[in-house]
Amino acid sequence: MTATTDPHKSAAQPAPLTWWAAEPRRFERDQREITVAFPDLVYDAEGAGSWHGILPLWPFDRPQPTHLTDWTGTTGLHVLMVYRQAYPMVPPHIFPLDPVPEPTEWTQSRWHVNGDRTLCLLRADSLWSGRESVVDLLLKAAAWKVEYALMKHGAITQMSDRGIVEDDCFDHFLTHPSAKEPTHHSILATPPDTARDRQDAVSEPSC
């Protein structure tokens, strides 16, 4: 008997290609660079992949200011960096988990926070070509906590454009104790929604 093929039977759909399967050298590069620069971060392979943990408080190429911890506390930013399947064409999302900006701060450019509570670390999409090291974004995230502390203490009213990774214009504040108590900040109680990876791979930053 000759076998027949049912024309109405749909063929099995191939599994979608993950970014790390498409870019294995980039995956290996990120694993190596992040592990060296931020050994306290932990990788999670679920979804498009993510890194989470606490960044160093002052991982910059200049001496730590004398009274930094009076402003920031003794620990760095607790962060979640979530890849998108379009990576490295698009940068990952970086969520601050502690501290978490207040909802009223999410869409104000002076706080460098997007409306989805991810950090706005690039002034324009054109500054990310896909060849940059993701370590540079994590350094900017570490710097964001310091500037956030300065904002909360009322020392500044606008975060810097370049960021303190390479700009020491705010360092002088940190060489003296703060004269003002910080306003309230939150700790993230629920995990951020990362499902938008499927819908906003090329969205513009809001800050």
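Residues numbered from 1 in each chain as written. Predicted model: local features only at pLDDT ≥ 70, side-chain atom pairs only at ≥ 80, totals over all residues. Heavy atoms only, no water.

## Some details on the packing of aromatic side chains
So, point 1. Within this structure, the stated rule accounts for twelve aromatic pairs.
So, point 2. Ring centres 4.8 Å apart and planes at 40° place the aromatic pair W19 and Y83 in the tilted group. Here W19 is found in helix α1 (residues 19-22), whereas its partner Y83 is found in the loop between β3 (78-82) and β4 (93-98), with 64 residues between them in sequence. When sorted by exposure, W19 lands in the same class as Y83, which is buried.
So, point 3. When the centroid spacing of 4.8 Å and the interplanar angle of 80° are considered together, the rings of W19 and Y87 count as edge-to-face. You can see W19 sitting in helix α1 and its partner Y87 sitting in the loop between β3 and β4, a full 68 residues away along the chain. Each member of the pair W19 and Y87 is classed as buried.
So, point 4. An aromatic cluster is defined as three or more aromatic residues linked by ring pairs; in this entry it consists of W19, W20, F27, Y43, W51, Y83, Y87 and W128. (Phe/Tyr/Trp six-rings, centres within 6.5 Å; stacked < 30°, edge-to-face > 60°. Helix = DSSP H or I, 4+ residues; strand = E, 2+ residues; numbered from the N terminus. Buried < 20%, exposed > 50% of the residue type's maximum accessible area, 1.4 Å probe, protein only.)

## Things to note about the pairing of β3
So, point 1. Most of β3 is tucked away, with four of its five residues classed as buried.
So, point 2. Inspection of the sheet shows strand β2 (residues 50-54) paired to β3 by five bridges, in the antiparallel sense. Of the residues in β3, the one forming a bridge with W51 is M81.
So, point 3. In this sheet, β4 lies alongside β3 in antiparallel orientation, the contact comprising five bridges. (Pairing = 2+ DSSP bridges.)

## Quick look at the nonpolar core
So, point 1. Among the nonpolar cores identified, the biggest contains 43 residues, and I34, L55 and I94 are the most heavily contacted of them.
So, point 2. For this core, the secondary structure elements donating two or more residues are α3 (68-72), β3 and α4 (134-152).
So, point 3. Per-element tally for this core: the top contributor is α4, with 13 residues. (Core = buried A, V, L, I, M, F, W, Y, C linked by side-chain atoms within 4.5 Å.)

## Looking at the pattern of salt bridges
Where side chains of opposite charge bring their charged atoms close, a pairing between them can arise.
So, point 1. Under the criterion given, the structure shown has five salt bridges.
So, point 2. Across the salt bridge formed by R26 and D30, the nearest N and O atoms sit 3.1 Å from each other. Of this pair, R26 and D30 both sit in helix α2 (residues 24-37), four residues apart, roughly one helical turn.
So, point 3. Residue R26 is classed as buried on the basis of its relative accessible area of 6%.
So, point 4. Using a relative accessible area of 1% as the deciding quantity, one classes D30 as buried.
So, point 5. Between R62 and D171 there is a salt bridge, with its nearest N and O atoms 2.6 Å apart. Separated by 109 residues along the polypeptide, R62 in the loop between β2 and α3 and D171 in the segment after α4 bring together distant segments of the chain.
So, point 6. Assessed through its relative accessible area of 13%, D171 is described here as buried. (Salt bridge = Lys/Arg side-chain N within 4 Å of Asp/Glu carboxyl O.)

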